[in-house]
Every structure is written in C-alpha cells, then in structure tokens.
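# Architecture and fold: a report
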Amino acid sequence: MNGLEELKEIIENKLSSIKSIEDLNNVRPYLLGRKGVFSEHIERIKHLDKEEKKTYGQRLNTLKLETENRLKELKAALEEKEREATERLSWIDITLPGKIPVVGNTHPITKVFYEIIEIFASLGFSVAEGPDIELDYYNFEALNIPPHHPARDMQDTFYIKEGIVLRTHTSPVQVRVMEAQLPPVRIISPGAVYRCDNDISHTPMFHQVEGLMVDKGIRFSDLKGILTIFIHEIFGDDTSLRFRPSYFPFTEPSAEVDIRCVICKGKGCRVCKDTGWLEILGSGMVHPQVFRNVGYDPEEISGFAFGMGVERIAMLKYGIDDIRQFYYNDLRFLSQF
Amino acid sequence: MRVPFEWLKEFVVIDISAHELANRLTMRGFEVESIESRKPCFSGVVVGCIKEIKKHPNADNLSVCTVDTGKEDVTVLCGADNISKNDKVPIALIGASLSDSTKIELRTIKGITSYGMLCSEKELGISDDHTGIFILPEDVATGARLEDLSGIMDFILDINVPPNRGDCLSIFGIAREVASILNQKAKRPIFRLEADPKEKAEDFISLQIHDTEACPRYVLRLIKDSSIVKSPFWMRDRINKCGMRPINSIVDVTNYIMLELGQPLHAFDYERLNDRRIEVRVAEKATVFRTLDGEDRGLEKGDILICDGKGPVALAGIMGGENSEITDNTRIIALESAYFNPELIRKTSRRLGIKSEASLRFEKGIDLDNVDFAAQRAISLMQMISGGKILKGNLEVNEAKKREGIFINFGKINEALGTAIEHRDVLNALRSIDLHILQEEDNGFVVSIPWFRHDINEQMDVVEEVARIYGYDNVPVTTPTLAMLQLKRSKKGRFINKAKDFLVSSGFFEVINFGFLGKKDIENFLIPPEDPRSSYVEILNPISKDYGIMRTFLAPNVLRNIAYNTNRGTKNIRVFEIGKVFFPDNNNLPSEHLHVFMAMTGREREYFWREQPRDYDFFDIKGIIEGMAGHFGLTFDFRTCTEPFMDKKRSADIYMDGVKIGWLGELREDVLKLYEIEQKTFCSELRFDRFIEWGQLDCHYKAISRYPQAIRDFSFFIEESIPVGNLIEKIKMLSPLIVSVGIFDMFRKDKRSVSFRVIFQSHEETLRDETVNNIQEKIIEELTKIDGITLRV
C-alpha cells in the first residue's frame, strides 16, 4: 500500500497550484500523462501478487478518475472566470452620447413656401414663375396701375432704367400667364419681390405667393371659400378669419383677410396693435381692366387673385418677431425649424 | 387721416361708442389703425363770467376780478391783461387741480384773498398757449364744468383711407360713410354768407382759364379789411388734432376747410396781383419760380400755373408764390378754390418732390361740385373770426362735364358676389352713399355718380360698393364647381427640391440672401472687367451702396453669412444657397440664371469623445460636388482653376461635356479676410440651370448581377505629375467586367504609393480566376507603360 498516500498529497498540491487554464494545461500531463505521476505506480502493480494487484489497481484507478474529475471541475470554473473577465473588458457605458448624424435644414421661408404650394396644389393650382427684373408694364400698367397712379405710392419701387423695375409683387406673373393662355387659369406664383424699404419691419427683398383663378362663373364667395380652406390648412381649423374691404388697383371688390391674432387670441396685444386681428393676405376679384389688358372678356369670365407675404406667414406660424432674422442666416436660427 | 370723433358728430348723430364705430368703419374698408383718447388733465374748473375788473390797490401788475361761477360771485386775482368784463373764462375753484398737478388753494397777496384762479390754455393742458387767459365762446353756460366744453374729451380715429378714396380725406367725407353705416344722411355745414351789397368781386378782379382740361373749375372770392389774428380755440384744437399746426386766422381757415370738406384753398394778397387779374394756364416752357417757402423751383412744360398780369403767382394745387403771399399788411384777400387735373398735379408734385396736404388731395381728385361751396364757407368763417367785408359774388369758370350714368344689371351683382341680395337692398345701399338712381328697370338700373367719387366708373365699381355696404361677412363661403385641370408640376421646382434634399441630408443649411451686391464685392473678388460677373445690372435708386447692383454670383453674400456666424461663436458651418443671378441684356430684360453655392468651414463637429474630428479640406467639398452630380446622373470633370479669388493649388474649375459650369476649392486667404473670415473656407458655385438642362430626375433601373464579385488590389508608385483621377477612368475602360475602381490607400515615402481596388463582375457567369488574372495583367501592363508609374511589389 506504500506510496498511495504520498501520491494523493502530490496530486493535492499540484491541483491547488492551478490558477488559470494555462496552469491547468501545464499540470495536466504531469498528473495524467503517460509519463505522469501515475505511471510509476502502474509499473509497480506488475510486481505485486494477484490479490494485492487487484485491490491496489482498483484504488489507483479510483484516484485517477477522481483526479480527472477534479481537473474537469477546475477547468469549468476557470473558464467561467475567464469569460467573466473578458465580458468585463468589453462592457460599454450606454449613457455616453451617441454620434448624431450632422444634417442640415432648409430655410424657414422655403418650408413655408412648400407648405403653401402643397395646399394650393391640392386645390388644383399649378406653379408659375416670372422674372425678378420686370417690365414696368407687367408690374404696373397691365395691373391697372398707369404711370402717375396714386397706387404707385403704395409700393416703393427700385428702378433699373426707364420702363424696367425690380418687381414689387409677383402679380406680373398673372399677367404673363393670362397673356400666354386662355382660361381656365389656376396658378400660384411664388417668388422674391423687392421694395425700397429697410427698417425693423421691412426688408428690401421679401417673398410672396400670389394666386389666380380664372374661369366662367367664379364668384366672390368662391374667393372666400378657397382662402378659408387655405387659412384653415396653414393655421389650423379653429382659426377664425374675416374678410374686410380694401383697395388694390388690380382687383375689385378687394378684400384684406385677417385672422384672429395668434399671439393674444383676439384680446389685443402689441403684435395686432390691439385690434385682435392680423392681416394675412390681400385678395379680390380680378379687375375688369386687367382682363381687358390681357385680351380676356370680363363679361364672359371672372376670377379672383390673392397674394401673401411668406415672411409674415412664417413669423406668425413660428412666432418670430423680427423679419430681419430671416436674412441674418444665423445657424442657431436656421437649425430650429 | 386723423378724425376727431367730436368733429364727426357735427355732421352725423353717432349713438355708438368710438370703438364700435372704429370697428364698423374697418369693416367698411376704412381701417382704423388706432384710437387716441383725449381726456382733461384738470378737475374742478368751471366756466366763470367776469362781472368786474379792478386794479389791485397794492400791486400794479395784478387785477382783482369778480367772477360769477354760476353758484356765487367770487373774488379772484389775475395777472393777465387779455380779459374784459363779461368774458367767459375758465375758473379753477378752491380744491381744483391743473394739468401740472397744481392744487388751487386760498391765496392772499398784499391784503386781498383770491378764491380761485383764471386759467390759460396751457395751464389746462389743452394747448401750448400761455399768452393769456383762455377766453371761452360767449354761448357757453356760466357754471358749466369745463370738461364738458366741446373738444376737451375726445377720441381721434386714425383712419387708413384707401388711395382711391380721396373723398374721405376730409371729416365730411368720413361722416358720409359713417352716416351710411348708421342709416342717416350726413348734414352739410350750415353758415350765413353776409356780403357787402355795394362792392362786387367782379369789379375788383378778372379771371381767365386757358386750359379747362387742366382746370375745369375755378372760383375766386374776395374779403376786405380782415385782421390776421389768432384763431379761436375750437378751430385750433381741431386743426391740432388732425395733425396740422395752427398759424393764424386766415391760414387756419383754409386748412380747416380743407380738413372739413376736402377742398384745398389758397389765399392771395389781392393788392400784390399785377393787373388785378388771375389766369390759369399750363406752362409751355421751362422757367423758374420762387414758392412761398423761399425755394426756387424749376417749372416745366405741363405744370399748371396760376398767373397774374405779369407771370406765375402760384404753382397750382401745390404751393403759392412768394410774390403774392399774404402778409400782416394784406388788406384784401383773394381766395382761390379750384379743381385741378389730378394727373398733372401728381406729375408736378412728384417731379419737384413737394408733397403737401393740398397736392395729396388734388392728385386723388376732389369734389367738383363742392368748389364754390367750400369758398363760401371759408370766406364766411374768415369774416366771423377776422372781421372784414365780404365782396359780393364770385368769379367762376365751371367747365365740368356731366358724368354719364352707368347701367347696372341686378343679376350681374349677385352673379359676381355669389349672393342673393334683393333689388331693393341694392338700391338702398347705393343711395346711402349718395349715389343717385336715375332710372329703375326690371333687370337693372341706371346710377349717376357724384363728382366726389372719382373711383366709380364702371359696373364692377358699383358691385364693389354694394358688397362693401352689404358686408363682406354676409357673403356666403362657397367653393367653385370646376372641371379638373392637369396640374403641371414645375420641372425647375423638382430639380431644386431634389438638390436641397441632397444638400440638407449632407449636413448643409440653406441660407437666403437679398439679390443684391455692392460694387465693392466685385472688386473684393478680383473679378476682371471682361468677366461677365463684372457686367452687372445696376439699381438707379438703391437703398445703400452695399445693395447697389443685382448679384452676378452668390459667393459674397454667403461669405457674409459665414462671418456673421463665426463672429457669434458658430465655427463649424455648412451652408448653401440656390438663387438667381442677373446679367444685363441690351435689348431685353436682364437674363436671370439660377446658381447654387455651397460652403464649408471648420469641421463636421467640434469634438466627439471617441475620436477627434478633422478639419474640412478640399476633398470634402469635392465629394459634395461629385455626390450631387451623381444624384442627378451627371459626371463632372475637374480642371485647373482659373478663378482669381481661389487658392489655385487647392481649387478646380468644374466642367461638364466640355462646358465650364462652376468652380470649387479653397478661397484665397486675403479674400476671406475682406469678409472677416479667419478660417479656411471651402466652397463651390455652380450654374444650377445646367443641372436642370442636363440632369435626370428619374433613374433607370439596372439589373443586379446574380454572380459573385471578384476583388483585386494593386499598388503602384506613381509620380506626383501624373493625376491619379484620370487613371481611375483609364482602368475602367480596360474591361466591361470592371464594375468599380477605387483608391483605398495612398501615402508618400520617397515616392507616392497609390493602391487601387478593382471589382470585377459579370452578368452571365461566375468569373473564373483565369479571366480576372488576364484583366489584372492588362491593368498592370497598361499602367506601367506610362512613364513614372511602376508596380509596387
């Protein structure tokens, strides 16, 4: 029976020295390998008698199996430990900021343009455009504003030379379109317009959308209907509005459209000058003289036109209080829309 | 037009509040922009009547007055000397307070106690006049509270009168609208004209009108021996409230009548008129004339002149002459009331830059029927205030033509408005604004238009009046019943949207700038004179030098935007603008091109915790341009830069199909400095019209190969003189099986090493190694054939 206790002790020592998979791999051949600690004991069996051979062999075998099991357990434990360690290394702090893609933005004027165009497109209006530098004829005369007409005072005009101006409104497009085609006409014309004005509430260039609908039997009540739809679409269905008599040389009857002040809801404030109402667009039935100027017969057809300032609508929609903000192009402004 | 509420009440009974009236006027087309409220800033002041005035026994400059306050007689000390017995004066009783918050208390001066104080207008806070005690009209009741005096409590409506409604540039004109709103008729002012039966105006002066187109109606009335005094409070008060300044009794009356009736008047010093005659004519040649403000004015053919026997004495409807102006010595006043051709007045006023209250009214057209009435009213007021004798009769030329009636179809009105207004209501509406129905028929009527309504000339003008009076609110809300139309989408609009989508998703913000530049910008960018960008469209009347011309390129304005941002701490910027540029065209309107400008400066983001972002460089902007070209199915080629404002080594001109369409790269540092930009800025400007012309909105699907790709990498040493970009194209051309060629590595170590990755793929089969190897050999052979390229092994 000699040596077995000794062997047990050797095995115990070796096993307790294992701290990693690597140690384990190194120790394993020493314990279980062909030239391992068991080999000399197995050799010794040969010299024992039959009876002893049996018992010794059995005990030796049990010890070997035990050792094998111990190694297996140890391996599993070590692997688990190692896995935990790698996991700890690949851990991330999910509260760190992510990498937000840098995207830009279109200008708020563009956004409002799109919105207006979209609404009128849904009502069957096509987009028509014209030049920014325009003949006096189209900007004024054809629109029933002859030279020396008092209405020329309403719009301070930039002149390029005799008979050529920077358009003061996009209405000349109406005339160009009507000259080029017969009724029915359903257009809107978005674009830049220019007026000789530069102060806290005016910029020398700004943007307008004008619209024109000409057909047989178009009535003033239709103007009210179409513009009511538009206002409800752009400012919300609960926006109350009113049509108020006004004057434009190229429309008759003419109407200014006011909406309930979006700031004070009609109670009266600085923005609406205590009236509770905000002017939002000008409109009217196309003046018979304008029809005659383009060769349409005002007895046969009728129509309405309207125009609005895009900056003004944007200001009311977004709550911007200074028109000049649109033209500073401050990124802190542009990124908000 | 500023309209005192109290003055309006002289012509119409108003039983609604000023605010309600303002609202109703607004809904009639007379937008009331503000309502100013006038309240007394005194209390405890009543009307007193002076019973007795005695000298203060112990103070020379004071008088002792006995004043009836309506309840009792009180003793008051007074320092002013403009009072006399029986004058009605404001007396501040003990306990009263005045405009400067003075409290009235018992006061004893040299033995006599004053039980109140007589007040000047200034002390009451109703005007700046402090020259004496405010003498009240004789007919006010003794003992009445002074705040009840007409005009002290008032509202002033500031009305935005439409430009076509010159008739409402007068209190009476507004009263006419108010009367219509309140279902009344405005009452014309009532007065008595007491002329001297012995002296006739026609014996004093003669009148001749040479051009009745320019002046269809002209009236002269004369008054003799009037004294020029201060006007009474009520007149000055009303003139003040309307925003004009009272001057003296003669000038004030002419202004008062203009405000009241809308008829501008002019007073001549009769004795300064040569040959005692007035002639109205249209100037035939240029001459110089000194107006009463002492300025020499250049007159031109077409100006309407009022002349005496020698020459011009007034520039009709605009300003009188120095040579006939009334003075303190004037004994006889010749008062002119006339109608001048609106267009001629407007032309002259525009040319001379004189915009007077008179010209403003003449150029919109005044009431032709009111010309003599206004003269009579004025001359009678002058007599009432300034005394004197009115000469009998007038001198008048009246060539006003009768206006023809307009036939209006009832059906047309409702057809145009979408309403169902009763015939009776149509007629009543028009009558309420003093239009006369001449003839009524089943289907319509003939209406005559009074001469104060120059804006009504055809059926539609009358329809508008009906709509206005009927109320826009009462017109139903309908939608038209129309046939469908083909909605034409704008090709240009779709291209712009597509480009904006691309740029915005590439991190660019859109900017919008005014379409102007300054000439300085052309200089700043060193644009040579022969470059088209140096031939600009100039504005005749620019707002400032910086906005003096129409832009010929977009870059300068966007650089200003960049500076605006960097100055405010935003250093990392990507912006673009798509906008029009303008070039002169001799015979036509200037041509308008569409450009796109993109700029990037700084870096994508300031920092990121994982890695340090790098600054933008040339290849960032180039990538944007290549990406955008690809987005529209286009290919650009990049050539040596010729732009004077670019850093040539880091810039390129951009060509498409052999045509230059723009440039890109790094701007010169000195140019950037002129725009106060201190960081490297990479940008590009392109003709966007070319995208629209040549680009594609819609793509065509290409079948995707079902067979695997083969990938091969090659590395070469390539000398710097050989542009690598061209080699990519060269490799692509070598086989149809090459689907892409890219550069995945480049470094310099003695020589420049460039590594290409080439991808091969077939639509018919899985490529065999042999096939790919053959092409590979060909690539190596073709490239190394070039002097300066060797294979890196």
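Residues numbered from 1 in each chain as written. Chains lettered and ligands numbered in written order. Predicted model: local features only at pLDDT ≥ 70, side-chain atom pairs only at ≥ 80, totals over all residues.

Another aspect to go through is the overall build of chain B. Within chain B, the regular secondary structure consists of 20 helices and 39 strands. By the compact-globule yardstick of 28 Å for 793 residues, chain B is too spread out, its C-alpha radius of gyration being 42 Å. Seen along its three principal axes, the alpha-carbon backbone of chain B occupies a region of about 135 × 80 × 60 Å. Of all intrachain contacts in chain B linking residues separated by at least 6 positions in sequence, the fraction that spans at least 24 positions is 68%. (Helix = DSSP H or I, 4+ residues; strand = E, 2+ residues; numbered from the N terminus. Rg over C-alpha atoms; globule rule 2.2 N^0.38 Å. Contact = placed C-beta atoms within 7 Å.)

Turning our eyes to something else, we now look at the overall build of chain A. Along chain A, the regular secondary structure elements total twelve helices and ten strands. Against the compact-globule benchmark of 20 Å for 337 residues, chain A has a radius of gyration of 45 Å, which places it well outside the compact range. If one aligns the C-alpha atoms of chain A with their principal axes, the spans along those axes are about 140 × 45 × 40 Å. For chain A, with 337 residues in total, the buried portion stands at 39%. Restricting to contacts in chain A with at least 6 residues of sequence separation, those with at least 24 account for 65%. (Buried ≥ 20, exposed ≤ 12 C-beta atoms within 10 Å, placed from the backbone.)

Our focus in this paragraph is the packing of helix H10 (residues 410-417) of chain B against helix H12 (residues 459-470) of chain B. All names here are of chain B. Contact pair H10 / H12: the axes reach a minimum separation of 10 Å and the direction vectors enclose 65°. Of the possible angle classes, the one that applies to H10 and H12 is roughly perpendicular. At the point where H10 passes H12, the crossing takes the right-handed sense. Contacts between H10 and H12 pair Lys-412, Ile-413, Ala-416 and Leu-417 from the former with Gln-459, Val-463, Val-466 and Ala-467 from the latter. Among the residues making up the contact of H10 with H12, the classes are represented as six nonpolar, one polar and one charged. (Axes fitted to C-alpha atoms, helices over the stretch in contact; angles between N-to-C directions. Parallel < 35°, antiparallel > 145°, perpendicular 65-115°, else oblique. Left-handed = near helix turned anticlockwise from the far one by under 90°. Nonpolar A, V, L, I, M, F, W, Y, C, P; charged D, E, K, R; others polar.)

A few words on the packing of helix H5 (residues 108-122) of chain A against helix H10 (residues 310-318) of chain A. Residues and elements named next belong to chain A. At their nearest, the axes of H5 and H10 sit 9 Å apart, and the two run at 100° to each other. It follows from the interaxial angle that H5 and H10 lie roughly perpendicular. For the pair H5 and H10, the contacting residues are Pro-108, Ile-109, Val-112 and Phe-113 in the first and Val-310, Glu-311, Ile-313, Ala-314, Lys-317 and Tyr-318 in the second.

Here the focus is the sheet that holds strand S3 (residues 159-161) of chain A. Each strand in a sheet pairs with another by means of backbone hydrogen bonds, the pair being arranged parallel or else antiparallel. Residues and elements named next belong to chain A. On the basis of which strands lie adjacent, the open sheet formed by three strands has the order S2-S4-S3 and antiparallel pairing. Of all the strands in the sheet, just strand S2 (133-135) and S3 have a single pairing partner and so form its edges. Within this sheet the neighbouring strands show an average axis-to-axis angle of 35°, counted without direction. Strand direction decides the pairing type here: S3 and strand S4 (residues 164-166), joined by two bridges, are antiparallel. By the bridge assignment, Lys-161 is partnered in S4 with Ile-164. (Pairing = 2+ DSSP bridges.)

What follows covers the interface of chain A and chain B. Across the boundary between the two partners, chain A contributes 67 residues, which contact 76 residues of chain B. With seven residues, the single largest contributor to the side of chain A that touches chain B is helix H8 (residues 220-235) of chain A. Looking at the side of chain A that touches chain B, its residues break down into 36 nonpolar, 16 polar and 15 charged.

When the pLDDT values of chain B are averaged, the result is 94; 100% of them are 70 or greater. Here the prediction assigns the complex a pTM of 0.86, and the interface score ipTM is 0.88. (pLDDT = per-residue confidence, 0-100.)

Cis geometry marks the peptide bond from A:Pro183 to A:Pro184; its omega dihedral reads 0°. On the secondary structure map, A:Pro184 appears in the loop between helix H7 (172-180) and strand S5 (185-194). Going from A:Glu252 to A:Pro253, the amide bond is cis rather than trans, its omega being -5°. Mapping A:Pro253 onto the fold places it in strand S8 (residues 251-260). One non-glycine residue with positive phi stands out, namely B:Asp434, at about 65°. Checked against the element boundaries, B:Asp434 lands in the loop between helix H11 (423-432) and strand S25 (436-440). Positive phi outside glycine occurs at B:Glu676, with the angle close to 60°. Within the element layout of this structure, B:Glu676 appears in the loop between helix H17 (669-674) and strand S35 (681-687).

Moving on to the domain arrangement of chain B. Residue and element names in this part refer to chain B. We note that the domain assignment places domain 1 (2-39 + 154-181), domain 2 (43-148), domain 3 (195-398), domain 4 (406-470), domain 5 (491-694) and domain 6 (710-791) within chain B. Look at where the C-alpha atoms of domain 1 and domain 4 centre, and you get two points 23 Å apart. Taken together, the eight residues of domain 1 in the interface contact nine residues of domain 4. For the side of domain 1 that touches domain 4, the class distribution of residues is no nonpolar, four polar and four charged. (Domains from an automatic or database assignment.)

This part takes up the sheet that holds strand S3 (residues 43-55) of chain B. All names here are of chain B. Read from one edge to the other, the open sheet built from five strands follows the order S5-S4-S3-S6-S9, with strand pairing classed as antiparallel. In this open sheet, the two edge strands, each paired with only one partner strand, are strand S5 (73-78) and strand S9 (116-118). Averaged over all adjacent pairs, the angle separating strand axes in this sheet is 45°, with direction ignored. In this structure, S3 lies alongside strand S6 (residues 88-97), joined through six bridges in antiparallel fashion. Bridge pairing in S6 places Cys-49 opposite Lys-88.

It is worth spelling out the pairing of strand S32 (residues 637-640) of chain B at this point. Residue and element names in this part refer to chain B. Sheet topology places S32 next to strand S33 (residues 646-656); four bridges connect them, and they run antiparallel. Residue pairing for S33: Asp-637 is matched across the bridge by Tyr-655. Here S32 folds back onto S33 in antiparallel fashion, the turn holding five residues.

Time to look at the nonpolar core. Ranked by size, the top nonpolar core spans 151 residues in total, and within it B:Val466, B:Val558, B:Val575, B:Phe597 and B:Met598 carry the most contacts. Those residues in contact with B:Val558 that sit more than four places away from it in its chain are B:Val511, B:Asn513, B:Val575, B:Glu577, B:Phe597 and B:Ala599. (Core = buried A, V, L, I, M, F, W, Y, C linked by C-beta atoms within 7 Å.)

Attention now moves to helix H16 (residues 618-631) of chain B. Residue and element names in this part refer to chain B. Its 14 residues give H16 an end-to-end C-alpha distance of 20 Å, which sits within 8% of 20 Å, the value for a rise of 1.5 Å per residue. Taken as a whole, H16 has its buried residues at Ile-621, Lys-622, Ile-624, Ile-625 and Met-628. Down the axis of H16, the smallest arc covering the buried residues is 155°, so these residues share one side. Turned more than 90 degrees from where H16 packs its buried face, Phe-619, Gly-623, Gly-627 and Gly-630 sit exposed. For H16, the elements touching its buried residues are helix H13 (491-505), strand S31 (591-601), S33, strand S34 (659-667) and S35. The positive-phi residue at the C-terminal boundary of H16 is Gly-633, with phi of around 70°. (Expected span 1.5 Å × (residues − 1). Arc of directions from axis to C-beta.)

All names here are of chain B. Summarising the element assignment, Phe-756 is placed in strand S38 (residues 751-760). Through-space distance from the C-alpha of Phe-756 to that of Leu-727 is 9.8 Å; in sequence the pair is 29 residues apart. The residues contacting Phe-756, other than those within four sequence positions of it, are Asp-713, Phe-714, Ile-731, Val-741, Gly-742 and Ile-743.

Right, let's talk about H12(B) for a bit. Owing to its 3.6 residues per turn, the α-helix aligns residues three or four sequence positions apart on the same side. All names here are of chain B. Taking 1.5 Å of rise per residue, twelve residues should cover 16 Å, and H12 covers 16 Å from first to last C-alpha, within 8% of that figure. Of all the twelve residues making up H12, ten are buried; the element is thus mostly covered by neighbouring parts of the structure. Regarding H12, the residues found buried are Gln-459, Met-460, Val-462, Val-463, Glu-464, Glu-465, Val-466, Ala-467, Arg-468 and Ile-469. Where H12 terminates, the next one or two residues include Gly-471, which has phi positive at roughly 105°.

Turning our eyes to something else, we now look at the environment of B:Glu194. All names here are of chain B. Tracing the backbone through its elements, the reader meets Glu-194 in the loop between helix H4 (171-181) and strand S11 (195-200). For Glu-194, a count of 11 C-beta atoms within 10 Å puts it in the exposed group. Glu-194 sits 198 residues away from Lys-392 along the chain, and the two C-alpha atoms are 8.6 Å apart.

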